[in-house]
Amino acid sequence: MMYGESPIRLPRISHVSNSGSDFGSSPHHTSYIVQIPPTPDNNPAQVSIVLRGFDFNPASVLVPSAPGDIDSGSSGKDNEPDLTDVRISEDEDEEEEDTLLYKISYPLTRIVKISPIIIALYRVLIVVRVVSLVLFLFWRIRNPNNKAIWLWLPSVICEIWFAFSWLLDQIPKLFPVNHATDIEALKATFESPDQNNLTGKSDLPGIDVFVSTADAEKEPPLVTANTILSILSVDYPVEKLSCYISDDGGSLVTFESMAEAASFAKIWVPFCRKHKIEPRNPESYFGLKRDPYKDKVRHDFVRERRYVKRGYEEFKVRVNALYHSIRRRSDAYNSKEEIKALEKWKHWKVKVEEDQVKEPRPALVAPKATWMSDGTHWPGTWAVPCPHHSRGDHASIIQVLLDPPGDEPVEGKGGEGRALDFEGVDMRLPMLVYVSREKRPGYDHNKKAGAMNALVRASAIMSNGPFILNLDCDHYVYNSRAFRDGICFMMDHDGDRVSYVQFPQRFEGIDPSDRYANNNTVFFDINLRALDGIQGPMYVGTGCLFRRTALYGFNPPDVFVVEEEPSRCCDCCFPRIKKRSLATVASEPEHYIDVEEEDQFDIGLIRKQFGSSSMLVSSVKVAEFQGRPLATVYSSRRGRPPGSLTGSRKRLDFATVNEAVNVISCWYEEKTEWGFNVGWIYGSVTEDVVTGFRMHEKGWRSFYCVTEPDAFRGTAPINLTDRLHQVLRWATGSVEIFFSRNNAIFAGPKLKFLQRIAYLNVGIYPFTSIFILTYCFLPPLSLFSGHFVVETLTGSFLIYLLIITLSLCGLAVLEVKWSGISLEEWWRNEQFWLIGGTSAHLVAVLQGILKVIAGIEISFTLTAKSSTGGDDEDDEFADLYLFKWTALMIPPLTIIILNIVAILFAVCRTVFSENPQWSNLLGGTFFASWVLLHMYPFAKGLMGRGGRTPTIVYVWSGLIAICLSLLYITIKNSEIDGGRFMLT
């Protein structure tokens, strides 16, 4: 055995597509097991749903004036009364047995009220600022600076755009809400014994977890392995959970690290269950700075923790050594193959010379293959690329690393002499599957969106969980009960109209001052929380729990619509209670799945949209049924019977896995609607926002789930260069959205007005960079020329400026109050808004315009993830001081130097002038200082560690200083008349 290799024999790849490859499937495959949930066709009892009305008392209904005023005891999803009483029975004449199918359901979510005083003041300040902005802009237009029209006109245009941009961003924040979940009610409803479930077996729906990675060098396998371990150990029924790791790079390092993680999970997961470990990411848990023994009362905890920690350290050594061990292993095998090739060539040469037999000449040099531990070629990407084994040309791979568990718990063994006493602990592990989709030259693989759609299809065949949670490889589960929090929204009253539940992104490893606003707290705690009061937050790429049928492009189920009554004269003062009637299904697509109406299930149309796989098509109806909330006296009429998900499931066989390999081939999506109307949407580098937008456009609802402690945690780039490139990718995607059919202007009528404005702002905000850049150059021009944007600093101008500034500060304070963020975080966001607006956003606009006009495709660089347990452990924030030059830094650097030089120039000129213009100096200096104050984090980033400035900064500063000197000479030798430079 080579040094650094795992002592565990890794499984051989046995399910590989052989299209275009020399390596086919091996007949010696491992035994696969899967549990297929029962379909509506094999339920033990025939289900019939009877609707009956009840008396409706308008006086008993409370209609709030705004979403934020809903009582905390309400679910907040539907404030009108439910006019249906759902009864489920086997036969209508068996009245007594009908009651056995009742399941009293408790509200699983509620709205936590925000202080009405804060919300009222917040809305009043918004109105005050809107009115003051309108009056200010009207005053600015009516009072031009005739001495410097060239300075006045661009400033007014910029200010009008700023007001418009601020309005787009502020209006959707009128109805912020906070939602809370009740996990105990979820357990009582779905996991407690009753007449239908005597043993209390879990009736919760299944969840398929997707983890995506694309580059083993930029996304270290150890980070991905820790994420997988945190998923496998979550507090959710084991038999209901499946984990899929998508390796879009087809790397053997990633595959073997996942195999190592599956082996270590056999001791890590039971250890977490026994001692209730939090968080369940081993790297984060063993790196905690608090006392690990606090609140631990079991006498064997210390001993077992030491044993598991030692096992984890060995696990880290093996994973980190995979690069070297795979290279040494491959070199050894390749040397043997070269010797065999040489011997074969010599034998051929002798045979040709002696027997004069014409045979094809064998290859003298063997290919530099990458070898697995079992002595076979790796079917994915090789370290030395060759045809059929490169990043864009390799076979599809599916390997089940952990078989699906059985229905009954498997208790561990205990007793003296054992290092780990797992007696009474469930030893089962969720199913873990490694997936690498096929890639071939000539196909557009659609980056991450294409990889996600491949996972959707493969998981539909292998496990078909009605809900899908997607995570980036560096986002691990920090709260083991977070899955239950998300399911509360899906299983609550009217939960069948919820398309996804978005969790906030929280980050570790950010510098204490959060210099570059990496935490994005303003976006996650203010913007998304405010959208939760309208139609729901946007999908932001990771930490999102989807309803599978919503991803499939279906419309939400039929809803109750309002029946308009004739208007009355008193309606303006006394609002009336509106009656509801059942909506028609005319708005549903032709392929809508309804278990009670089989004739609507058009198999031919489904095949056209989903592809030729019959197993995939048949799984759609099952996923729709299993994703329904329970049919209870409080739920909607489209509920499923209690206990319908407690039955045993079928095993996973070879044919099923072979079909899963088929649906991840590169040709499968041809002539289908994958990426257009089904699954993750193609055509943008921000496929997440577009995918969520399509769901909201169909009328789906989403929710924002903020948990305590955080549901997930990840890493973010703290280096200035990486941060700018990250912002560039986001802004580029927004520009793509603006120039596409996904622009909110063209959305259908089911998208609510305020939600439409929020999505419109997503596509428009990068264009603000044009006006920001222009406005940042106005103070230097003002100081150099001796003029200001207004002719004189009048009282009206100063009063307007004071009101606008104070109202903005007041809004910031109130936002901090109802969102829970700090004022420093709000200010950091404002600073980086200006930095990004003068650099990355501007380049994104140029790239988007070039794509529209010239058809130039936009490429982006994968953000490098911080390696867990790296070599530089002395300084946790070493990357913060790492300087990497990029052209994005040129505009902000130019702005900083111009404003500094302009202030010095204007001060000297005014002090030594015979007729000093102090008002113009004061106005210009104020705005120049405002710009420099926002640019402070950028300037500090240029200094590096300890003030050591890179040479490139001096070079650019010198070039810009020369340009400024020439500009000064031109101004010195000119006469300023009416705002125009007349050279003499």
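Just so it is clear, the structure is predicted and the values come from calculations on it, not from any experiment.

A. Broad picture of the sheet that holds strand β5 (residues 207-213). Strand order in the open sheet made by the eight strands is β7-β8-β6-β5-β9-β13-β11-β16, with mixed pairing throughout. Every interior strand has two partners, whereas the edge strands, β7 (397-402) and β16 (701-704), have only one. Ignoring which end each strand starts from, the neighbouring axes of this sheet average 20° apart. Strand direction decides the pairing type here: strand β9 (residues 467-472) and strand β13 (residues 544-547), joined by four bridges, are antiparallel. Bridge assignment links N470 to a residue of β13, and that residue is C544. Sitting on the sheet, helix α10 (residues 447-462) touches β5, β6 (241-247), β7, β8 (431-436) and β9, and the angle it makes with β5 is about 145°.

B. How the structure looks around the environment of D182. By the secondary structure assignment, D182 is in the loop between β4 (178-181) and α4 (183-190). Judged by its relative accessible area of 34%, D182 falls in the partly exposed class. Taking the C-alpha atoms as reference points, D182 and L108, separated by 74 residues in sequence, lie 5.0 Å from one another. At a separation of 3.2 Å, a polar atom in the side chain of D182 contacts the main-chain amide nitrogen of A185.

C. View of the UniProt feature "binding site: Mn(2+)" (unreviewed entry) in the protein chain. The sites that UniProt annotates as "binding site: Mn(2+)" (unreviewed entry) are K448 and D472. Taking the farthest pair of C-alpha atoms as the criterion, the annotated set spanning 25 residues converges on one region, since that pair is 10.5 Å apart. As for its position among the elements, K448 is in helix α10. Looking at K448, the relative accessible area reads 25%, which means it is partly exposed. Excluding residues that lie within four positions of it along the chain, K448 makes contacts with S212, D472, G541 and E687. Checked against the element boundaries, D472 lands in strand β9. At 2.9 Å, the side chain of D472 and the side chain of K448 are in polar contact.

D. Just the pairing of β16, in detail. Judged by which residues are buried, β16 turns out to be covered on both faces: R701 and F703 on one side and S702 and Y704 on the other are all buried. As judged from the four bridges shared by strand β11 (residues 498-502) and β16, these two strands associate in the parallel manner. Paired with Y500 across the two strands is S702, which belongs to β16.

E. Representation of the pairing of β7 within the structure. The buried fraction of β7 is high, at six of six residues. As defined by bridge partners, β7 adjoins β8 across five bridges and the pair is classed as antiparallel. When the sheet's bridge partners are listed, I398 is paired in β8 with V435.

F. How the structure looks around the confidence of the model for the protein chain. Averaged over every residue, the pLDDT of the protein chain is 80; the share at 70 or more is 77%. pLDDT under 50 marks residues 868-873. Its contacts with residues more than four places away, or in other chains, come to six contacts. Note that pLDDT drops below 50 for residues 975-984; the model gives that stretch 24 contacts with residues more than four away or on any other chain.

G. The nonpolar core, seen in detail. Counting residues in each nonpolar core, the largest one holds 137 residues, and the members touching the most others are I398, M462, F546, Y552 and F610. With nine residues, α10 is the largest single contributor of residues to this core. F255, F264, A265 and M372 belong to the second-largest nonpolar core, a separate cluster that totals 77 residues.

H. Quick look at the side chain of R305. By secondary structure assignment, the location of R305 is in helix α8 (residues 301-320). A polar contact is formed between the side chain of R305 and the side chain of Y285, at a distance of 3.3 Å.

I. Structural detail: the sheet that holds strand β10 (residues 476-477). If you walk across this open sheet you meet the three strands as β10-β17-β12, and the pairing is mixed. Edge strands, defined here as strands with exactly one partner in the open sheet, are β10 and β12 (506-508). Two strands pair when backbone bridges link them, and β10 and strand β17 (residues 712-715) are joined in this way by two bridges, in the antiparallel orientation. Bridge pairing links Y476 to R713 in β17.

J. Examining the packing of aromatic side chains more closely. Counting across every chain of the model gives 49 aromatic pairs. Look at Y552 and F554: their rings are 6.4 Å apart centre to centre, the planes differ by 85°, and that puts the pair in the edge-to-face class. Arranged with centres 5.9 Å apart and planes meeting at 90°, the rings of F610 and W674 form a pair that is edge-to-face. Of the two residues, F610 sits in helix α14 (residues 603-610) while W674 sits in the loop between α16 (654-663) and α17 (687-697), which places them 64 residues apart along the sequence. A single burial state applies to F610 and to W674, both of which are buried.

Here is what the cut-offs are and how they apply
- Residues numbered from 1 in each chain as written.
- Predicted model: local features only at pLDDT ≥ 70, side-chain atom pairs only at ≥ 80, totals over all residues.
- Heavy atoms only, no water.
- Pairing = 2+ DSSP bridges.
- Helix = DSSP H or I, 4+ residues; strand = E, 2+ residues; numbered from the N terminus.
- Axes fitted to C-alpha atoms, helices over the stretch in contact; angles between N-to-C directions.
- Contact = heavy atoms within 4.5 Å.
- Buried < 20%, exposed > 50% of the residue type's maximum accessible area, 1.4 Å probe, protein only.
- Polar contact = N/O pair within 3.5 Å; in protein donor to acceptor, adjacent residues only side chain to side chain.
- UniProt positions renumbered as here; feature names shortened; annotations may be inferred.
- pLDDT = per-residue confidence, 0-100.
- Core = buried A, V, L, I, M, F, W, Y, C linked by side-chain atoms within 4.5 Å.
- Phe/Tyr/Trp six-rings, centres within 6.5 Å; stacked < 30°, edge-to-face > 60°.

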